[in-house]
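Architecture and fold: a report
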Amino acid sequence: MAREVFNSKMGAIAAAAGSAVGLGNIWRFPYVLGENGGGAFLFVYILFTFLIAVPILLSELAIGRRAGKPVLGAFKALAPGTKWHLIGYSGVFCAFLILSFYAIVSGWTLLYAYRAVVGELAAISPDEMTTLYNHTSSDPVVSIIWMFAFIGLTAFVVMRGVQDGIEKYSKILMPMLLLLIVLLCIRALTLPGALDGLAFLLKPDFSKLTFTGIFEALGQAFFSLSIGMGTMTTYGSYISRKQNLVSGGFSIAGLDFMIAFLAAVIIFPCAFSFGISPGQGPGLVFVTLPNIFNQIFMGRAVSIVFFVLLSVAALTSTISLLEVVVSFLVSERGFRRKPASLLVAGLIGLLGCLCAFSSTIFSLFDNISANILLPGGALFIVLFIPHVLGKEAFRSELEACGTRQRVFGVLYFVIKYIVPVAIGGVLIYQIVNWLIG
Ligand code: PHE
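We now turn to the structure provided with this report. Only a predicted model underlies this, so the values are computations on that prediction, with no experimental measurement involved.

The rules behind each value
Residues numbered from 1 in each chain as written. Predicted model: local features only at pLDDT ≥ 70, side-chain atom pairs only at ≥ 80, totals over all residues. Heavy atoms only, no water. Helix = DSSP H or I, 4+ residues; strand = E, 2+ residues; numbered from the N terminus. Rg over C-alpha atoms; globule rule 2.2 N^0.38 Å. Buried < 20%, exposed > 50% of the residue type's maximum accessible area, 1.4 Å probe, protein only. Contact = heavy atoms within 4.5 Å. Areas by Shrake-Rupley, 256 points an atom, 1.4 Å probe, with all protein chains shown as cover. Near = heavy atom within 4 Å. Polar contact = N/O pair within 3.5 Å; in protein donor to acceptor, adjacent residues only side chain to side chain. Nonpolar A, V, L, I, M, F, W, Y, C, P; charged D, E, K, R; others polar.

**Considering the overall build of the chain**
Across its full length, the chain holds 18 helices and zero strands. In terms of C-alpha radius of gyration, the chain reaches 21 Å, essentially the compact-globule figure of 22 Å for 437 residues. On the principal axes, the C-alpha backbone points of the chain span a range of 60 × 50 × 45 Å. Residues classed as buried in the chain amount to 60% of the 437 residues present. Relative to all contacts within the chain whose residues are 6 or more apart in sequence, the contacts with residues 24 or more apart total 85%. Counting every atom, the chain has about 16,500 Å² of accessible surface; 68% of that belongs to carbon and sulfur.

**Concerning the site of the ligand**
What surrounds the ligand is a group of 16 residues, the closest being Ala20, Gly24, Tyr102, Phe223 and Ser226. In this structure, an oxygen atom belonging to the ligand sits 2.8 Å away from a main-chain N or O atom of Ala20. Leu23 places a main-chain nitrogen or oxygen 3.1 Å from an oxygen atom of the ligand. For the ligand, the protein covers 100% of the area, taking 330 Å² as the surface of the free molecule. Contributing elements (two or more residues each) for the shell around the ligand: helix H1 (12-20), helix H2 (23-35), helix H5 (86-118), helix H10 (211-224) and helix H14 (299-333). Here the residues of the shell around the ligand sort into seven nonpolar, nine polar and no charged.

This is the structure in structure tokens:
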């Protein structure tokens with residue numbers, strides 16, 4: 001039923017990249033890194049992304065392509081009569097939670113695009129920028145209006161099943177975003193005091209890294225790559241059999257990491273230069289970045305373009321999240337696409353209102369989804385590969401398109417032993433910590 005979503009199979013890798021690249025890179029990564037002391041967090045994050053998260057991404061893509069069905073149906077088809085499809089239910093639940101706070105931040109992005117257009121961000125001091133953000137985040141009505149605008153936009157796309165069209169635009173718009181980010185990096189690095197910010201990002205000080213920081217780096221790696229809840233399993237089902245999954249997966253992860261890293265290369269020099277605390281939390285991107293626009297040639301135009309492109313990046317991620325829930329209702333519960341999209345958008349709007357009224361609920365949803373549900377889901381997904389799907393089926397998905405045997409051997413070893421032990425270890429340690437702490 002959801003099969004009509006992507007007409008071109010070739011576009012599926014680009015769509016998966018569109019899901020991965022979003023506010024997770026530019027909003028969440030810098031703020032979580034800033035709260036966890038900088039360089040050492042970056043080091044652990046890189047390790048988790050390429051050693052743990054990429055193998056999970058490949059597992060999801062392989063499972064989806066093998067089954068040729070979105071997440072719930074995929075597990076039902078590959079392991080009939082078992083409980084493995086519960087992974088799909090956890091994904092649907094997780095998509096709800098993530099969308100409720102993600103839509104609020106996406107709404108702020110739209111709001112900042114509007115503010116850039118009307119000139120509200122121009123020529124105000126860094127302190128005023130902070131005050132502006134504080135007003136915004138503590139005014140539920142404003143947040144709710146913009147959130148509904150954003151959810152409406154997402155629902156419109158998903159309802160009409162025109163994701164494919166959006167992906168076509170985003171293939172042009174995302175390289176533009178990357179280019180703009182590179183230009184902003186250059187400006188950020190030439191600000192007075194920028195080097196302190198760069199040192200904060202690049203010099204690992206392991207005494208600042210707590211176990212909670214390690215735990216959050218794992219959650220952020222999963223959040224950023226959209227893994228652990230079935231989004232990538234669903235996209236895997238749209239990928240052509242001729243496509244090499246391993247190179248596709250590494251390209252997605254490489255691009256995703258690069259954008260997150262470069263965002264941090266802008267934000268921390270900027271924070272240090274303008275005297276903003278790097279650990280100031282979810283507002284970090286909104287209080288640092290606009291200051292830079294005031295320091296560059298044609299800053300107002302650049303800021304408009306930047307926030308619009310960021311909104312598009314957020315949109316390709318919210319589409320992938322809403323699609324998880326809608327395709328579930330359509331293929332498992334017999335809904336039609338239009339009412340399903342509207343119903344889910346409405347429910348998410350209600351949950352989003354909770355996040356707008358309470359920053360505690362906002363953080364709770366953010367933490368539970370990224371740090372508990374995604375790693376939990378990912379754990380079951382990697383257990384599925386050796387224990388249910390089987391080595392040969394997995395090999396045929398990966399090796400068929402040119403991945404070398406040795407590469408497969410290493411990957412399979414990592415998936416069978418290293419990934420489950422690492423995720424299980426970090427989750428158990430953190431939960432015990434909470435219980436006794
Ligand atoms: N990866 C997206 C981002 O970085 C967020 C996301 C998480 C999307 C999980 C889908 C599933 O913005």
